[in-house]
Amino acid sequence: MLPYRDYLMIISPPEHIIKEISRYKRASVNAIGHFEGMHSTAYITITHQRRCKPFFVQPAIIRMEEKLFTMPPIELSIKGFDFFEHGSVARTIYAVIQRTERVDNWFKLLTSQMGVKVKNFVPHITIASNIPVSSFNKLWPNFENRDWETSFNVNSLTILNRDTFVEYCEWRVYKELFFANRLKEMF
């Protein structure tokens with residue numbers, strides 16, 4: 001019997017952005033100390049599917065690949081920083097993916113083609129996740145008025161997976177699905 005698997009579907013930015021986010025994370029550690037996710041690689045999370053049976057997911061991913069192949073690539077822009085509130089106890093600081101009508105429509109099409117529902121989706125790249133408010137209050141002034149503007153092209157969606165019930169199991173690349181703006185030839 002195959003074990004249950006978790007699937008994480010992400011958009012990976014290019015290496016220069018990954019390095020810059022890593023630099024911001026290291027500077028944050030210097031300011032507030034260690035926090036969860038301080039060593040994680042930068043990406044935009046689309047959806048996290050937990051406790052899935054691979055024999056159901058694998059055919060769905062093949063169908064998803066065909067649909068995503070018809071989607072156009074897109075250029076995304078990062079413009080500054082913002083934060084999410086997690087009640088009164090924690091905050092998450094992130095790099096803002098600039099939202100335009102085109103970007104919003106592209107992400108709606110993406111989740112529709114993937115066959116997933118994502119409520120209140122805000123595309124972003126996490127810097128410091130779920131940190132206590134006291135740490136946030138020390139760290140946020142370093143980001144609040146900082147200008148960072150850059151753009152990058154998105155040509156693919158990366159699917160990572162790991163065993164659900166294995167403690168400390170690392171994410172591994174399962175499949176890369178490309179946006180090619182054309183129908184996939186079937187042979």
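Shown above is the structure to which this text applies.
Given the structure is predicted, the values throughout are model-derived calculations rather than measurements.

**Quick look at the environment of Thr100**
Right, on to step 1. Note that Thr100 resides in the loop between strand S4 (90–97) and helix H3 (101–114).
Right, on to step 2. Given the relative accessible area of 36%, Thr100 is considered partly exposed.
Right, on to step 3. Sequence spacing of Thr100 and Leu76 is 24 residues, and the spatial spacing of their C-alpha atoms is 9.7 Å.

**Focus: the sheet that holds strand S2 (residues 44–52)**
Right, on to step 1. Spatially, S2-S1-S7-S8 is the arrangement adopted by the four strands of the open sheet, whose pairing is antiparallel. At either end of the open sheet lies a strand with only one pairing partner, and these are S2 and strand S8 (172–178). Each neighbouring strand pair of the sheet contributes to a mean axis angle of 20°, computed without reference to strand direction.
Right, on to step 2. Inspection of the sheet shows strand S7 (residues 156–163) paired to S8 by six bridges, in the antiparallel sense.

**Describing the packing of helix H1 (residues 15–32) against helix H4 (residues 133–143)**
Right, on to step 1. Relative to each other, H1 and H4 sit at 135°, their axes nearing to 10 Å. Considered as vectors, H1 and H4 are oriented oblique to each other. In this structure, H1 meets H4 at a crossing whose hand is right-handed. For the pair H1 and H4, contact is made by Tyr24, Ser28, Ala31 and Ile32 and by Ser135, Lys138, Leu139, Asn142 and Phe143, respectively.

**As for the state of the cysteines**
Right, on to step 1. Scanning all chains against the criterion turns up zero disulfides.
Right, on to step 2. A disulfide-free cysteine, Cys52 has its sulfur positioned 14 Å from the sulfur of Cys169, the nearest such atom.
Right, on to step 3. Residue classification places Cys52 among the buried residues on the basis of a relative accessible area of 13%.
Right, on to step 4. Residue classification places Cys169 among the partly exposed positions, given a relative accessible area of 22%.

Definitions and limits used
Each residue is numbered by its place in its chain's sequence as written, counting from 1. In keeping with the model being predicted, local features are shown solely for residues with a pLDDT of at least 70 and side-chain atom pairs are shown and tallied solely at 80 or more, while totals for entire chains, interfaces and linings include all residues. As a convention, hydrogens and water are excluded, and side-chain values are obtained from all of the structure's heavy atoms. For helices the rule is a DSSP run of H or I covering at least 4 residues; for strands it is a run of E covering at least 2, with both sets numbered from the N terminus onward. For every residue, the accessible area obtained with a 1.4 Å probe (protein chains only) is divided by the maximum for its type, and the residue is called buried under 20%, exposed over 50%, and partly exposed between those limits. Any two strands are treated as partners once DSSP identifies two or more bridges connecting them. With axes taken as lines fitted to C-alpha atoms, and helix axes fitted only over the stretch in contact, angles between N-to-C directions fall between 0 and 180 degrees. Note on angle classes: values under 35 degrees are labelled roughly parallel, values over 145 roughly antiparallel, values of 65 to 115 roughly perpendicular, and the remainder oblique. It is the rotation of the near helix from the far one that decides the hand of a crossing: anticlockwise by less than a right angle makes it left-handed, clockwise makes it right-handed. In what follows, residue pairs with any heavy atoms lying within 4.5 Å of each other are defined as contacts. When the sulfur atoms of two cysteines come within 2.5 Å, that pair is taken as a disulfide.

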